[in-house]
Amino acid sequence: MPRATTVLATTTLVGAIASLWLYVENRSLRAELADKDTPAPAAPAPQQVAETAPTPMAPPPRHWIPPRQVPTMPAAMPSQQGRLDKRARRTQQMATMFGRADGETDDQYRARVSPIIKAALAIPRQRVVAMRKLAEEKANVTQAQSQQLDQMFQKTYNDVLAYGDKAIADGTLSPYERNIANWLEFGGGLGAMLQDTDSQIGRVLSEDQMRTMYDAGFEWGEYLGLEVPWEQLNPPPPPPR
């Protein structure tokens, strides 16, 4: 069970990062499309169309055999170097967006970055909240039980934020580089914290209620991983020189 929770915590963390990555990607694509948005050429007048229309071809002879079709070559696949260049550009975009700007204060950083994180996680959060509500209805979870869980989760969120702030301060989590090993290390510690919360959930819900929610497709680890207020994390230090 601890290993399963650790894996779930890691995949949830990766999912949150992917949401941020896709949000940055979409913003970049929208900007590129806006730059290339040029008015379409006007349609030719009917008279011009008639004048430039090709002359109808005569039908082929009765015993005409069509020429052998030559297969067209597939378009060239993007090179590995192109993929690496694109990944490097996206990494730089992430560093620019989530790194500390020159002379930027903590309040200025939060005012700039918090809305980005909220927007990127808005849809995944809405999804898990709806899933929890539906699963609780199936398991006949009472309103008092649900409120008791919410109160308990506040401590989990505070602990996770403190854990994240420490990881940012010591460089385990850094917006300036791709370090999958560090992300997995952070996810492992996050999994242990969620495992502890999972055991506390069992003191509020019965075994049958937890099993019913699980069979309905709901996972507490996924819910908690997305509901953590990540936008409240401390800003990172300035980029290394």
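Residues numbered from 1 in each chain as written. Predicted model: local features only at pLDDT ≥ 70, side-chain atom pairs only at ≥ 80, totals over all residues. Heavy atoms only, no water.

Let's shift gears to the overall build of the protein chain. Scanning the protein chain for helices and strands turns up eight helices and zero strands. Starting at the N terminus, the α and β elements of the protein chain follow one another as α-α-α-α-α-α-α-α. Per-residue burial over the protein chain gives 33% buried out of 241 residues. Long-range contacts, defined here as pairs at least 24 residues apart, represent 82% of the contacts in the protein chain between residues at least 6 apart. (Helix = DSSP H or I, 4+ residues; strand = E, 2+ residues; numbered from the N terminus. Buried < 20%, exposed > 50% of the residue type's maximum accessible area, 1.4 Å probe, protein only. Contact = heavy atoms within 4.5 Å.)

The description of an aromatic ring pair uses the distance of the two centres, along with the angle that the planes make with each other. Per the stated rule, a full pass over the model turns up eight aromatic pairs. Among the aromatic residues, ring-to-ring pairing joins F153, Y157, F218, W220 and Y223 into one connected group. (Phe/Tyr/Trp six-rings, centres within 6.5 Å; stacked < 30°, edge-to-face > 60°.)

Our next topic: unusual backbone geometry. For N140, which is not glycine, the phi torsion reads 55° and is therefore positive. Within the secondary structure, N140 sits in the loop between α4 (106-138) and α5 (143-169). N140 gets classed as exposed once you look at its relative accessible area, which sits at 60%.

Quick look at the environment of P236 now. With respect to the helices and strands, P236 occurs in the segment after α8 (220-227). When the C-alpha positions of P236 and G171 are compared, they lie 8.5 Å apart, and in sequence the two are 65 residues distant. For P236, the contacting residues outside a window of four places in its chain are F98, G99, R100, Y109, I168, P175 and Y176.

Another aspect to go through is the nonpolar core. By size, the foremost hydrophobic cluster in this structure holds 36 residues, and its most contacted members are F153, W220 and W230. Mapped onto this core, the elements with two or more residues apiece are α3 (80-98), α4, α5, α6 (180-204) and α8. A per-element tally of this core places α5 first, with eight residues. The contact partners of W220, leaving out residues within four places of it in the chain, are R132, E136, L149, F153, D198, I201, L205 and M213. (Core = buried A, V, L, I, M, F, W, Y, C linked by side-chain atoms within 4.5 Å.)

Before going further, it helps to spend a moment on α6. Taking 1.5 Å of rise per residue, 25 residues should cover 36 Å, and α6 covers 36 Å from first to last C-alpha, within 8% of that figure. Residues of α6 that are buried: N182, F186, G187, L190, G191, L194, Q195, T197, D198, I201 and V204. (Expected span 1.5 Å × (residues − 1).)

This next bit is on α3. Residues that lie three or four places apart on an α-helix share one face, since the helix turns once every 3.6 residues. Taking 1.5 Å as the rise per residue, α3 with 19 residues should run 27 Å; its terminal C-alpha atoms sit 27 Å apart, in good agreement. When we look at burial in α3, the residues that qualify are R90, T91, M94, A95, M97 and F98. The buried residues of α3 all sit within an arc of 165° when viewed along its axis, so they share a single face. When the buried face of α3 is taken as reference, the exposed residues oriented beyond 90 degrees from it are Q92 and T96. (Arc of directions from axis to C-beta.)

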